[in-house]
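# Chain and residue survey
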Amino acid sequence: MTTSPNEQLEVRAALSGTPLARRHEQTLGGKLARIPKALPWSAFRPSEHPRAALALATDFWMGLARGEYGAVGLFAKIATALTAAGAPFDLVYAATVASADETRHAEYALRMASLSGGKEATLSLDPAAFRAHLAPIANDEELDLTLVNSVAISETLATALLTACQRRASDRLSRSVLTAVLSDEVHHARLGWYYLAHRAPRWTTAERQRLADAAAEVVVHVEEEFWIGRDAPRSASVGARALGLLDSKSQRSVIDDVMENEILPGLDALGFGASRAWPLRRRGERRARR
Ligand SMILES: [Fe+2]
Ligand SMILES: [Fe+2]
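In this report, we go over the structure that sits alongside the text. (Residues numbered from 1 in each chain as written. Chains lettered and ligands numbered in written order. Predicted model: local features only at pLDDT ≥ 70, side-chain atom pairs only at ≥ 80, totals over all residues. Heavy atoms only, no water.)

## Points about the coordination of the iron ion (ligand 1)
Inclusion rule: Note that water is not among the atoms considered, so a metal site may appear incomplete; the donors listed are N, O and S atoms within 2.8 Å of the metal, with 3.2 Å applied to Na, K and Ca. Under the classification used here, a metal with four donors is tetrahedral if each angle lies between 85 and 135 degrees, square planar if opposite donors are over 155 degrees apart and the others between 65 and 115, a six-donor metal meeting that same test is octahedral, and anything else is irregular.
Protein-derived coordination of the iron ion (ligand 1) comes from Glu68 (OE), Glu102 (OE), His105 (ND1) and Glu185 (OE), at a distance range of 1.9 to 2.2 Å. Classification of the site at the iron ion (ligand 1) rests on its 4 donor atoms, whose angles at the metal span 80 to 146°, yielding the label irregular. Site description for the iron ion (ligand 1): donor spacing in sequence, E-x33-E-x2-H-x79-E.

Right, here's the structure in full:
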């Protein structure tokens, strides 16, 4: 936290010095407004899709709704912690916008789950676990850690997965919703990386090492976590594709590609040596064989 000797929190109208600052200035200049577009909700025809594909789509959208709903609180507490740290305004602003984006994504995903499931979908959350998730970020180091794991890495993974889903989706509504969500996730991922670029010169060797260790822990488990996609029976595989669903094989190749071409180089640039952790990863194959 930035405090002066008399323990006052000094807040300046300063920006981060990263490319986010330029975007922020353009946004405040009215040049980069991100306004939600109307989505073609009435275009969805469940009868045109195989039942097995609709069941997998319901599972996909429910999973997404859960993640998005959690992300509302995640970015809200990040915004709170950034203000408590007197962080540059472009970072604070981006975190508050991200929280608002995630409310929209959670709503879209629940609506999609209802449409594909043929009945109103409801998120059911464990209150104690959800309260723990919403607990405030306690200090600068926890804030850095949150931005590494839950924003830079997670949002970059989400962007890559949703891009692959959006590219294969031929169903009009599915594609439109995926496009809308994706166009925001890109910004969330950037917030993570730009925040870390802003922070990196300020870390001590010990702080950097602790963050590197935490990132390595995520890196070695990520492939295993995403090993199983949504595999449709052969009769429904074309239908599942049309709804944007990724089978296991496609999902694994998306994860390997984004790890090797975006996430590991990004973490390495922060001095985390993540590409040394990647070959030590636990593969899902091993888990599946157990
Ligand atoms: Fe989202
Ligand atoms: Fe996001």
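## Remarks on the packing of helix 2 (residues 51-84) against helix 4 (residues 127-134)
Quick note on the threshold: Under this scheme, a helix contributes an axis fitted over its contacting stretch, all axes are lines through C-alpha atoms, and angles between N-to-C directions fall in the 0 to 180 degree range. By the criteria applied, helices consist of DSSP H or I runs no shorter than four residues and strands consist of E runs no shorter than two, each listed in order from the N terminus. Angles below 35 degrees are treated as roughly parallel, those above 145 as roughly antiparallel, those between 65 and 115 as roughly perpendicular, and all remaining angles as oblique. It only takes one pair of heavy atoms within 4.5 Å for two residues to be counted as in contact. Residues are grouped as follows: Ala, Val, Leu, Ile, Met, Phe, Trp, Tyr, Cys and Pro are nonpolar; Asp, Glu, Lys and Arg are charged; all remaining types, including Gly, are polar.
Interaxial distance between helix 2 and helix 4 falls to 9 Å at its minimum, and their mutual angle equals 30°. When the interaxial angle is binned, helix 2 and helix 4 end up roughly parallel. Between helix 2 and helix 4, the contacting residues are Tyr69, Gly70, Gly73, Leu74 and Lys77 on the first element and Phe130, His133 and Leu134 on the second. Partitioning the contact of helix 2 with helix 4 into residue classes produces 4 nonpolar, 3 polar and 1 charged.

## What about a nonpolar patch on the surface?
In plain terms, the rule: For patch detection, residues must exceed 30% relative accessible area and be free of salt bridges, and they are connected within 9 Å for like charges or within 5 Å for nonpolar side chains (Val, Leu, Ile, Met, Phe, Trp, Tyr). To measure how exposed things are, a 1.4 Å probe is used in the Shrake-Rupley method; for residues, cover is taken only from the protein chains shown. Salt bridges are defined by distance alone: a side-chain nitrogen of Lys or Arg within 4 Å of a carboxyl oxygen of Asp or Glu.
Taken together, the side chains of Leu9, Val11 and Phe89 make up a nonpolar region of the molecular surface, amounting to roughly 250 Å² of accessible area. Note on placement: phenylalanine 89 falls in helix 3 (residues 89-117).

## Re the pattern of salt bridges
Threshold: Classification of residues uses two cut-offs on accessible area relative to the type maximum, computed with a 1.4 Å probe and protein chains only: under 20% is buried, over 50% is exposed, and between them is partly exposed.
As enumerated under the stated definition, the model contains 8 salt bridges in all. The partner of arginine 282 in a salt bridge is glutamate 224, and the shortest N-O contact between them spans 3.2 Å. With arginine 282 in the loop between helix 10 (274-277) and helix 11 (284-289) and glutamate 224 in helix 7 (residues 205-225), the pair connects residues that are 58 residues apart, well separated along the chain. Classification of arginine 282 as partly exposed rests on a relative accessible area of 33%. Each of Asp101, Arg104 and Asp184 takes part in a single network of salt bridges with overlapping partners.

## Examining the coordination of the iron ion (ligand 2)
Working reference: metal with six octahedral donors, ideal angles 90 or 180 degrees; metal with four tetrahedral donors, ideal angle 109.5 degrees. Donor atoms from the polypeptide that coordinate the iron ion (ligand 2) comprise Glu102 (OE), Glu155 (OE), Glu155 (OE), Glu185 (OE) and His188 (ND1), at 1.9 to 2.5 Å from the metal. Positions of the donor residues of the iron ion (ligand 2) along the chain correspond to the pattern E-x52-E-x29-E-x2-H. Here the iron ion (ligand 2) and the iron ion (ligand 1) are spaced 3.3 Å apart, linked through glutamate 102, which binds each one. With a gap of 83 residues between them, glutamate 102 in helix 3 and glutamate 185 in helix 6 (residues 172-199) connect regions that are remote in the sequence. Comparing glutamate 102 with glutamate 185 shows no difference in burial state: the two are buried.

## A closer look at the packing of aromatic side chains
Selection rule: Any pair of Phe, Tyr and Trp rings, taking the six-membered ring for Trp, is counted once the centres come within 6.5 Å. Such a pair is stacked with planes under 30 degrees apart, edge-to-face with planes over 60 apart, and tilted for the rest. A ring is considered to have a charge above it if a Lys NZ or an Arg CZ atom is located within 6 Å of its centre and within 35 degrees of its normal.
This structure, assessed with the given rule, holds 4 aromatic pairs. A centroid spacing of 6.0 Å and a plane angle of 55° characterise the contact between tryptophan 41 and tyrosine 108, whose relative ring orientation is tilted. Taken as a pair, tryptophan 41 in the loop between helix 1 (19-28) and helix 2 and tyrosine 108 in helix 3 lie far apart in primary sequence, 67 residues in all. Judged by its relative accessible area of 9%, tyrosine 108 falls in the buried class. Relative to phenylalanine 130, the ring of tyrosine 69 has its centre 5.7 Å away and its plane inclined at 25°; by these criteria the two rings are stacked. One end of the pair, tyrosine 69, is in helix 2; the other, phenylalanine 130, is in helix 4, with 61 residues separating them in the sequence. Arginine 111 extends its terminal NZ or CZ atom over the ring of tryptophan 41, reaching a point 4.1 Å from the ring centre.

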